[in-house]
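Observations on the three-dimensional arrangement
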Amino acid sequence: MPKLPELLAPAGSLAMARAALAYGADAIYGGPPRYSLRARNNEFGDSAALAEAIAAAHALGRRFYLVVNALPHNTKLKSFHADLAPLVALAPDALIMADPGLIHLTREAWPQMPVHLSVQANTMNWASVRFWRSLGLTRVILSREISLDEIAEIRQQCPDVELEVFVHGALCIAHSGRCLLSGYFNRRDANQGTCTNACRWEYTLHPGASDPAGDVQPVVAPVREWLIEERQRPGELMPIEEDEHGTYLLNSKDLRAIEHVAKLLAVGVDSLKIEGRTKSAYYAARTVQSYRHAIDDALAGRPFDPDLLDVLDGLANRGYTDGFYQRHHAATTQNYASGASANGTRRYVGDVLAFDAARGLAEVAVKNRFAVGDRLEIVQPSGNRTATLARMEDANGATQTVAPGDGHRVWVDLPADCAGALLARFERVGD
């Protein structure tokens, strides 16, 4: 039987932290905007919020890892100890770090604090893992760009180091965040937490050819090379190169490796990590719930449940890939590329705030449109249920048929024990 792994979930806010813990995360991670590569949409610039998240994890016997994985310039070093001291005093279970200089400063000031090596360090082989272990680091988060076989070899060569891998979330078009597109276009450095996701922008290709000096210039014909133009920068044509494998400049699909959970556990990976600190509490709940299910099935020897693919398809995504875990899909008879039917998915539509016994209705904070007659999924840590909505009222008791969207509150006929649940609407693709 594989050893019990850790399910590690993102927490960019208190709501995310609470959702991840409620739905089965063994540990959560988050950090201050200045040092944690999440300068925007990050609630933990407030140390009180961070303290509350750490306390919430510890109250449940879970763990909180403080992210300090920026690759800083000299200016940040001047205040590093002063900035970090009150956060270390909150007693996180480990620091997630990437920069060797910051790691050295941390070990000098707080030698007893465990340090995990961030994926930003791009560790891809067992010799690197041994190097970091020799410096006293207790865990290495491996690069996203290695295969299952490579992870197995690292495990064999480094049995005394905890290994962590990403299983879900966004993928960069560079080695785990070492991209310069955002800095090049907008002077906002991805390695300082201010990435503008320039790889996701809309581009147009233009034909080109090299002149005698070797510079690529636009041409009419014949087409030998291509130039790329970003929508907001008309006329700024940049050469794009392609080899026999294609071009990897632009938007990557998102990582979804839930079908590989059993293999990762068999290899001996210590922690399975979900990416997405800028996402919603609903995202945290659904991803944690799905991967918790997959882990529990694997530990019990049960086969992979393909319905989990359908659940994850219902989350906002750019399309899914299993990344670099395997180069070719070996099982042609197994449909691990999609678990959803061609006409169905789910959309997050609201949070259940309270239940009014006198009215027999639950109050819902609306996130997306839904209506009487819709089939809803009630998402709860204790187990999900479905219900067809038959009744809806406004705060004054007037009957209504549609909850129009974000910012509204309605009262609906849901079970009395669903307070705190999340609601998702089953819908046809394109609705």
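Here the structure is a predicted model, which is why all the values come from computation and not from measurement.

Now for the confidence of the model for the protein. Here the protein averages 86 in pLDDT, while 83% of its residues score no lower than 70. Counting contacts from residues 244-248, a segment whose pLDDT is below 50, to residues more than four positions away or on other chains yields four contacts. Confidence drops under a pLDDT of 50 for residues 330-343, and excluding neighbours within four residues, the segment shows 19 contacts in the predicted structure.

Among the residues of helix 5 (residues 100-109), those classed as buried are Leu-102, Ile-103 and Thr-106. Summarising the axial view, the buried residues of helix 5 lie within an arc of 100°, below the 170-degree limit, and thus occupy one face. Across from the buried face of helix 5, at angles greater than 90 degrees, the exposed residues are Pro-100 and Glu-108.

Let us look at the sheet that holds strand 16 (residues 361-366). The strand order across the open sheet formed by seven strands is 19-18-23-15-16-22-20, and the pairing between neighbours is antiparallel. With one partner strand each, in any of the chains shown, strand 19 (385-388) and strand 20 (392-393) form the two edges of the open sheet. By the bridge criterion, four bridges tie strand 16 to strand 22 (residues 409-412) in an arrangement that is antiparallel. Within strand 22, the position partnered with Ala-365 by the bridge is Arg-409. Along the sheet, helix 10 (residues 281-300) makes contact with strand 15 (345-356), strand 18 (375-379) and strand 23 (422-427), crossing strand 23 at roughly 75°.

Among the secondary structure elements, Ala-11 is positioned in the loop between strand 1 (6-10) and helix 1 (14-22). Separated by 16 residues in the primary sequence, Ala-11 and Ala-27 have C-alpha atoms spaced 9.8 Å apart. Other than its neighbours up to four places away in sequence, Ala-11 contacts Met-16, Ala-17, Ile-28, Tyr-29, Gly-30, Phe-44 and Arg-277.

Our next topic: helix 10. Taking 1.5 Å of rise per residue, 20 residues should cover 28 Å, and helix 10 covers 28 Å from first to last C-alpha, within 8% of that figure. Most of helix 10 sits out of view: 16 of its 20 residues are buried. Gly-301 sits one or two residues past helix 10 and shows a positive phi near 80°.

This part covers the environment of Val-140. Considering the arrangement of structural elements, one finds Val-140 in strand 6 (residues 139-141). On the basis of relative accessible area, Val-140 is assigned to the buried category, the value being 0%. Distance in space between the C-alpha atoms of Val-140 and Val-119 is 7.8 Å, their sequence separation being 21 residues. Those residues in contact with Val-140 that lie beyond four places of it in its chain are Leu-117, Thr-123, Val-129, Trp-132, Val-161, Glu-162, Leu-163 and Glu-164.

Let's shift gears to the packing of helix 6 (residues 126-134) against helix 7 (residues 148-157). Following both chains from N to C, one finds helix 6 and helix 7 inclined at 40°, their axes separated by 9 Å at the closest point. Regarding the angle of helix 6 to helix 7, the classification is oblique. Along this stretch, helix 6 crosses helix 7, giving a crossing that reads as right-handed. Of helix 7, the residues touching helix 6 (which contributes Trp-126, Val-129 and Arg-130) are Glu-153, Ile-154 and Gln-157. Considered class by class, the residues forming the contact of helix 6 with helix 7 number three nonpolar, one polar and two charged.

Conventions used here
- Residues numbered from 1 in each chain as written.
- Predicted model: local features only at pLDDT ≥ 70, side-chain atom pairs only at ≥ 80, totals over all residues.
- Heavy atoms only, no water.
- pLDDT = per-residue confidence, 0-100.
- Contact = heavy atoms within 4.5 Å.
- Buried < 20%, exposed > 50% of the residue type's maximum accessible area, 1.4 Å probe, protein only.
- Helix = DSSP H or I, 4+ residues; strand = E, 2+ residues; numbered from the N terminus.
- Arc of directions from axis to C-beta.
- Pairing = 2+ DSSP bridges.
- Axes fitted to C-alpha atoms, helices over the stretch in contact; angles between N-to-C directions.
- Expected span 1.5 Å × (residues − 1).
- Parallel < 35°, antiparallel > 145°, perpendicular 65-115°, else oblique.
- Left-handed = near helix turned anticlockwise from the far one by under 90°.
- Nonpolar A, V, L, I, M, F, W, Y, C, P; charged D, E, K, R; others polar.

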